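Inside the fold
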Amino acid sequence: MFNLCAIIGPTAVGKSKIAVEVADRIQAEIISADSVQIYKGLDIGSAKIKNEEQIASSGRLVKHHMIDVVEPDQDFSVADYKKEVERLIPEIQSRNHVPLLVGGTGLYVQAIIDPYQFEPLPINWELRHELHELASKYGKEYLHAKLQQVDPVSANKLHPNDLRRVTRALEVYYQTGHPIWYNHFDKEKNNNTECLLVGLTMPRQLLYHRINLRVDEMIAKGLVDEVKSLLEAGYDRQLTSLQSLGYKQIIAYLMGEISLEEAIELIKRDTRRFAKRQIAWFKRDKRINWYMIDESTDYPKLIEEIVTFFGRSLQKRYRI
């Protein structure tokens with residue numbers, strides 16, 4: 001028997017809006033699976049759903065969880081996310097509501113739908129010393145470049161100056177032959193049937209066009225001022241939160257390192273690349289039921305199809 005539903009897919013595909021309507025129909029509460037929306041104050045750049053956008057067309061407010069959880073300078077790991085969501089699921093179910101996981105952060109989604117192990121690999125002090133020696137001799141960027149070669153997922157999340165985490169990621173890879181995130185998953189038990197998975201996708205060029213438009217809208221809505229306010233509040237640019245897409249590029253602009261036009265183009269390019277990685281990540285999971293969105297999509301019909309897909313199993317557990 002499943003314990004939750006999920007709607008996943010790349011950035012800008014339209015998950016949030018569709019999920020609100022689906023949640024309304026199946027009496028669900030949404031659990032965000034977005035690693036940037038957990039941070040308070042990172043609103044525009046994360047495309048964080050507004051309060052008024054959480055209201056379905058029926059007029060019902062759909063409750064959202066895991067948004068604005070921590071301050072920008074607080075650490076929040078995948079383990080923290082898993083712990084909090086596993087507390088939320090039975091709480092939501094106790095209200096006879098359906099837990100609906102919605103987002104595009106692959107590690108967050110997989111941490112919930114698959115068995116996830118958090119037993120740390122012992123530190124190899126000799127290897128760590130060698131890596132630190134390389135950093136001292138060639139610079140932190142050198143180690144980051146090596147991580148990019150073997151584990152681009154981790155490298156794209158870490159700033160080159162974050163020597164501790166970059167070093168740890170390389171240690172795990174060199175000792176196991178796998179990226180640091182790979183070793184958390186129990187590969188023998190990943191056929192978890194307790195989650196109904198829906199994936200949203202669209203033709204690549206249409207998705208890229210939507211990404212470009214979204215970035216322009218973020219700038220128009222005040223992304224530059226939002227980032228400026230975070231820096232003025234004393235938050236360090238090297239924080240994990242401020243290395244997120246959109247924020248690190250605008251910081252570079254505010255520091256005089258690039259022009260605003262260059263920053264905008266970098267955000268668009270890097271977001272397109274991020275979306276491509278998201279698609280590749282999710283396409284590996286054969287449990288996902290995919291729905292294609294294009295310019296001719298009939299959204300009410302699409303929502304009805306998703307509701308029907310979930311409903312076949314939901315009615316066995318929930319009174320909907």
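Refer to the structure presented above.
Criteria and cut-off values
Residues numbered from 1 in each chain as written. Predicted model: local features only at pLDDT ≥ 70, side-chain atom pairs only at ≥ 80, totals over all residues. Heavy atoms only, no water. Core = buried A, V, L, I, M, F, W, Y, C linked by side-chain atoms within 4.5 Å. Buried < 20%, exposed > 50% of the residue type's maximum accessible area, 1.4 Å probe, protein only. Contact = heavy atoms within 4.5 Å. Pairing = 2+ DSSP bridges. Helix = DSSP H or I, 4+ residues; strand = E, 2+ residues; numbered from the N terminus. Expected span 1.5 Å × (residues − 1). Salt bridge = Lys/Arg side-chain N within 4 Å of Asp/Glu carboxyl O.

**What about the nonpolar core?**
Counting residues in hydrophobic clusters, the biggest one holds 46 residues, and the most contacted among them are Ile31, Tyr81, Leu101 and Tyr247. Apart from residues no more than four positions distant in its own chain, Leu101 is found in contact with Leu4, Cys5, Ala6, Ile7, Ile31, Ala33, Tyr81, Val109 and Ile112. Of all hydrophobic cores here, the second largest spans 38 residues; its members include Leu206, Tyr208, Ala275 and Tyr291.

**A look at the sheet that holds strand E3 (residues 64-65)**
Pairing is parallel across the open sheet formed by six strands, whose spatial order is E3-E2-E4-E1-E5-E6. Every other strand in the sheet has two partners, leaving E3 and strand E6 (289-292) as the edge strands with one partner each. By the bridge criterion, four bridges tie strand E5 (residues 195-201) to E6 in an arrangement that is parallel. Residue pairing in the sheet places Gly199 in a bridge with Trp290 of E6.

**A closer look at the side chain of Thr105**
Structurally, Thr105 can be placed in the loop between strand E4 (98-103) and helix H3 (106-113). With residues near it in sequence (within four places) discarded, Thr105 still touches Ala33, Asp34 and Ser35.

**Focus: helix H8 (residues 204-221)**
Between its first and last C-alpha, H8 extends 26 Å over 18 residues, near the 26 Å set by a 1.5 Å rise per residue. Turning to H8, its buried residues are Leu206, Leu207, Tyr208, Ile211, Val215 and Met218. Where H8 is buried, its residues meet helix H9 (223-232) and helix H11 (260-283). After H8 finishes, the residue Gly222 shows a positive phi value of roughly 110°.

**Section: the pattern of salt bridges**
For the structure shown, the criterion picks out 20 salt bridges. The partner of Asp24 in a salt bridge is Arg60, and the shortest N-O contact between them spans 2.9 Å. Here Arg60 lies in the loop between strand E2 (28-32) and E3 and Asp24 lies in helix H1 (residues 15-26), a separation of 36 residues in the sequence. On the basis of relative accessibility, which here comes to 15%, the residue Asp24 falls in the buried class. For Arg25, the salt bridge is made with Glu304, and the minimal N-O distance between the two is 2.6 Å. With Arg25 in helix H1 and Glu304 in helix H12 (residues 299-317), the pair connects residues that are 279 residues apart, well separated along the chain. Judged by its relative accessible area of 43%, Arg25 is partly exposed. Each of Glu29, Glu84, Arg87, Glu91 and Arg95 takes part in one network of salt bridges that share partners.

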